[in-house]
Amino acid sequence: MNLVRTVRVGATVGVWVVMFAGACRAEVWPSRPLRLINAGAPGTVTDIVARQLAERVGAQLGQAMVVDSRPSAGGIHALEALKLSPPDGYTLGLVQSAQMSVAPALFDHLPYDTVSDFAPVGILYHGPQVLAVNASLDVSSLAGLIELAKARPGRLRYSSTGNGSPTHIVMEQFKQLAGIDLQHIPYRGAAGHQAVVSGEVEVMMEGLAPLLPHILAGSLRPLAVTGVQRLAVLSDVPTLAELGIPGVEPVWVGVIALRGTPPAVIDRLNQEFVRAMSTPAVRDRYEGLGRIVSTGTPRQMTDVMAGEIPRWRELIKKTGIKPD
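What you see is a predicted model, and the numbers here were worked out from it, not measured in a lab.

Draft legend 1. Spotlight on the sheet that holds strand β2 (residues 65-69). Taken in spatial order, the 6 strands make up an open sheet running β2-β1-β3-β10-β4-β11, and their pairing is mixed. Of all the strands in the sheet, just β2 and β11 (292-293) have a single pairing partner and so form its edges. Sheet topology places strand β4 (residues 118-127) next to β11; 2 bridges connect them, and they run antiparallel. Note that in β11 the partner of H126 across the bridge is I292. In the packing of helix α2 (residues 45-61) onto the sheet, contacts are made with β1 (34-38), β2, β3 (91-96) and β4, and the angle to β2 comes to roughly 160°.

Okay, structure coming up:
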């Protein structure tokens with residue numbers, strides 16, 4: 001009897017040891033490399049940001065973070081790939097506000113729902129856009145541009161990087177708020193920048209990075225920036241809000257995981273990305289490129305999207321914007 005009891009006790013203890021060991025192994029995260037999917041083509045701003053963050057956050061976590069670039073209109077391929085991955089926190093998405101808040105109104109049939117299919121990790125930074133004009137245009141202020149546009153409705157032209165791109169949508173929002181009519185000329189990618197530099201069109205609203213060399217060279221004249229905070233590198237250029245046109249917000253960049261990812265993993269990811277963005281080297285580099293480091297919580301990112309989606313839906317319905 002004692003031998004039977006001993007065998008039973010030993011077997012029970014063995015089962016508990018195995019279960020405990022398995023539970024401990026299950027709690028270790030991350031235990032293998034992570035993947036960061038982004039919609040930027042190699043060499044673009046989004047791709048460069050993804051690689052910088054992957055290197056830094058991967059080092060913090062003690063695991064490699066591999067960048068997976070999936071360029072497509074509206075960033076659809078990138079988010080579709082994320083949706084098909086397991087909700088375990090090993091596959092993440094680096095996203096822009098256009099993908100998360102604008103695309104639901106811009107595209108008729110997305111293969112995912114940006115609200116119900118994904119779990120926000122947090123916004124990392126905001127990228128104010130610069131309203132700039134070709135230096136040959138006889139305009140030195142926002143008031144001067146609005147006055148000229150009202151005197152010549154539909155005759156001034158602005159370029160974008162494509163129909164439905166942020167450079168198109170934000171400019172249309174500005175037009176509505178300013179009460180002016182500018183003719184939209186869509187281009188493919190960087191050709192939109194060259195068009196305003198060469199004088200083929202007169203106006204453009206774009207992130208600072210591609211415009212800054214031309215501003216410094218005197219080819220472009222900056223009139224205002226979006227949002228409520230001036231850029232350190234263009235400290236003498238006022239915001240649209242300062243000039244009486246509030247509501248044109250900067251684009252933002254953040255990180256998401258798949259819905260169903262364990263909350264503890266989401267929190268850890270948020271902490272590590274915030275930690276990476278908080279280093280002086282990152283802050284200084286981003287400020288020099290016209291970006292504002294503004295990390296937040298998953299809840300804050302959720303709230304931002306909830307406020308933006310209906311506003312963009314209304315604008316797109318009103319303007320009839322269609323993507324390429």
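Draft legend 2. Spatial organisation of the environment of L223. Within the secondary structure, L223 is located in strand β9 (residues 220-225). The class of L223 is buried, set by a relative accessible area of 4%. Sequence-wise, L223 and E308 are 85 residues apart; in three dimensions their C-alpha atoms are separated by 25 Å.

Draft legend 3. Inspection of the packing of aromatic side chains at higher detail. Applying the stated criterion to the full structure yields 3 aromatic pairs. Summarising the aromatic geometry, the rings of Y125 and Y286 are spaced 5.1 Å apart at their centres and angled 90° between planes, so their arrangement reads as edge-to-face. Taken together, the positions of Y125 in strand β4 and Y286 in helix α10 (residues 280-288) put the pair 161 residues apart, joining distant regions of the chain. Taking relative accessible area as the criterion, Y125 reaches 5% and is therefore assigned buried. For Y286, a relative accessible area of 2% gives the class buried.

Draft legend 4. Molecular detail of the pairing of strand β6 (residues 157-160). Direction of pairing for β6 relative to strand β7 (residues 183-186): parallel, over a ladder of 4 bridges. Within β7, the residue paired with R157 across the bridge is Q183. Following the chain from β6 across helix α6 (residues 166-178) to the adjacent parallel β7, one finds a crossover that is right-handed. Two elements, β6 and strand β8 (residues 203-207), share 2 bridges in a ladder whose sense is parallel. Pairing of Y158 across the sheet is with V203, part of β8.

Cut-offs applied
- Residues numbered from 1 in each chain as written.
- Predicted model: local features only at pLDDT ≥ 70, side-chain atom pairs only at ≥ 80, totals over all residues.
- Heavy atoms only, no water.
- Pairing = 2+ DSSP bridges.
- Helix = DSSP H or I, 4+ residues; strand = E, 2+ residues; numbered from the N terminus.
- Contact = heavy atoms within 4.5 Å.
- Axes fitted to C-alpha atoms, helices over the stretch in contact; angles between N-to-C directions.
- Buried < 20%, exposed > 50% of the residue type's maximum accessible area, 1.4 Å probe, protein only.
- Phe/Tyr/Trp six-rings, centres within 6.5 Å; stacked < 30°, edge-to-face > 60°.
- Right-handed = clockwise from strand over helix to strand, strands pointing away.

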